[in-house]
Amino acid sequence: MSTEQIPDLPTEITPQSQDFGRWYIDVVRRAELADYSPVKGCMVIRPYGYAMWELIQQGLDRRFKATGHVNAYFPLFIPESLLMREAAHVEGFAPQVAWVTHGGNEKLEERLVVRPTSETIIGTMYAKWVQSWRDLPILINQWANVVRWEKVTRLFLRTTEFLWQEGHTAHETAEEAQEETLRMLAVYKDFAEQELAIPVVDGQKTDSEKFAGAERTYSIEALMRDGRALQAGTSHNLGQNFSKSYDIKFQARDKSVQYVHTTSWGVSTRLIGGVIMVHGDEGGLILPPRIAPYQVVIVPIPRGNWRETVLPRAQAIRDELVARGMRVFLDDRESQTPGWKFNEWEMRGVPLRLEIGPKDLEKSQVVLARRDTREKSFVPMDGLAGRVEELLAAIQRALYERALAFREEHTSTTDSYEEFKAIMEGRPGFVIAPWCGPAACEAAIKAETQATIRNIPFSSAPAAGKHCLKCGGAATAHAWFAKSY
RNA sequence: CGGGGCGUAGCGCAGCCUGGUAGCGCACCUGCCUUGGGCGCAGGGGGUCGCAGGUUCGAAUCCUGUCGCCCCGACCA
């Protein structure tokens, strides 16, 4: 097997190094993942992007089911009075809700909110369903759209309407609720790393960044290639805040009446934005095989009587790969040249390209080209499917390793605020630093550097004896700071 | 929501300063020729210049307002 390097070719995408934000938009649109809609702040998820979402859904849903959860669906509309019951929750979400004031031509007696999240409506239903400890736990997830009236929107990362899943569970004890909260965060971490090939930092949010109405919020955080962090998933321990506001009570084993302990956890279509910004390069998208709508694209080389010779062989290869469970597209369009197709599918991030032409038939081989390394190799027809599987697995692994190496290169540790500021101004990334705990220091750091505490990782080193980065007081933890999306 | 930028054919842009009735590249359509890294030639279709007012004999161009998008700052999956 020999290899050769593929030359760079021009694309119509703004170079990542020149303007990362523009690059991102160009990739999303040129790869046909999504498009702007006539409604401000909303986007259309196009078939190629939606296929990624479907694969994300499958990978998550499988994990939710494996941890005992079931799916259900709750209404889009929530009566105003329901939303208002949990004080912190209302305060957090009120500025972001869309209101329904009329039905047809008639003004509603009570306004409805379009759900920004479903704790309130689901809590209301749980109150009806729970009588006894025997009814617990309730482990429900829903796949839904939600609406949050955002001032600044960005395709996939923050749009007025977005798709997500929200898990809502109710438990007998605080311990069980805490276990559930951490269990689902671990599910998210596993999913992000195994399927999306995105290494994430799991940890606890500070009070100022926690979910409105939660006791504790945990998150997974990923580092994008421009050095900014993306919150990729959150899991909340809601304690008894919602059960008390929504009257979710049960008779306990000791005959006393207790409030349940609830959790909620979610990830959204934002994950697609994360995949783009973690793996993409100057040539466009690079998709991890496990969530690539097409894992292999076959490009036949049309020459001479290729329809009678090359094409049947290409079809046979496609059928064999599909039979082995791979997602394959045979691009036999005659309206485009092979060179055009090479560039197009690379721009759209297909992990592996298989070229087959007359010369290959003679030698009983095909050409395989990796998207991540841009290496071409000649591979014998015998044992091809196995080789393709190996390569896809290798690409999946390589993308994760590359992303992890990038994160490690862009993660620093410091006790010095001057150094901290220099890093945030120069080459951004994660900075691990000791912090004292109160929101005031966190706010001051944000005001001066734009960096926020992404979370306090579970793996964080003890801070005993350390001094707060900002105020010099006794540190309570090592926090991970970054500029974020 | 503040500061800046941009809205002209599907996409990217020129024209605007100095008003005279719209052009380039790519894409698209037809034919021939090609096809192993964004083929070539010839012919062709497509735009009430974001929208609404105003000035003017006449507005893509000048004035006012408005909407949308992008970038940078305050809030958020």
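Please refer to the structure higher up on the page.
Residues numbered from 1 in each chain as written. Chains lettered and ligands numbered in written order. Predicted model: local features only at pLDDT ≥ 70, side-chain atom pairs only at ≥ 80, totals over all residues. Heavy atoms only, no water.

(A) Quick look at the pattern of salt bridges. By the definition in use, this model includes 34 salt bridges. Residue Asp190 pairs with Arg63 through a salt bridge whose shortest N-O separation is 2.9 Å. Residue Asp190 is found in helix α6 (residues 174-194), and its partner Arg63 is found in helix α2 (residues 47-66); the two are separated by 127 residues along the sequence. Residue Arg63 is classed as buried on the basis of its relative accessible area, which comes to 12%. In this structure, Asp372 engages Arg370 in a salt bridge whose closest nitrogen and oxygen atoms are separated by 2.6 Å. The residues Asp372 and Arg370 share a single accessibility class, namely buried. Bridged by salt links that share partners, the residues Arg62, Arg63, Asp190, Glu195 and Arg290 form one connected network. (Salt bridge = Lys/Arg side-chain N within 4 Å of Asp/Glu carboxyl O. Helix = DSSP H or I, 4+ residues; strand = E, 2+ residues; numbered from the N terminus. Buried < 20%, exposed > 50% of the residue type's maximum accessible area, 1.4 Å probe, protein only.)

(B) Main features of the sheet that holds strand β5 (residues 77-79). Spatial ordering of the open sheet is given by β5-β7-β6, a layout of 3 strands whose pairing is antiparallel. Sheet topology places β5 and β6 (98-103) at the edges, where each strand pairs with a single neighbour. Averaged over all adjacent pairs, the angle separating strand axes in this sheet is 45°, with direction ignored. In terms of strand pairing, β5 meets strand β7 (residues 106-114) through 3 bridges, oriented antiparallel. Within β7, the position partnered with Phe77 by the bridge is Val114. (Pairing = 2+ DSSP bridges. Axes fitted to C-alpha atoms, helices over the stretch in contact; angles between N-to-C directions.)

(C) Summary view of the protein's contact with RNA strand B. In the neighbourhood of RNA strand B, 40 residues make up the surrounding shell, with Arg158, Gln231, Thr337, Arg353 and Asp360 lying closest. The protein-proximal atoms of RNA strand B, defined as those within 4 Å of the protein, are 43% sugar or phosphate. Between Lys376 and RNA strand B, the recorded distance is 3.0 Å, taken from a side-chain N or O atom to a base nitrogen. For the surface near RNA strand B, the elements supplying multiple residues, two or more each, are α10 (338-347), β20 (352-356) and α11 (358-363). Residue contributions to the surface near RNA strand B peak at 7 residues, all from α10. A breakdown of the residues in the surface near RNA strand B according to their chemical character gives 15 nonpolar, 11 polar and 14 charged. (Near = heavy atom within 4 Å. Polar contact = N/O pair within 3.5 Å; in protein donor to acceptor, adjacent residues only side chain to side chain. Nonpolar A, V, L, I, M, F, W, Y, C, P; charged D, E, K, R; others polar.)

On their own, these measurements won't tell you what the molecule is for.
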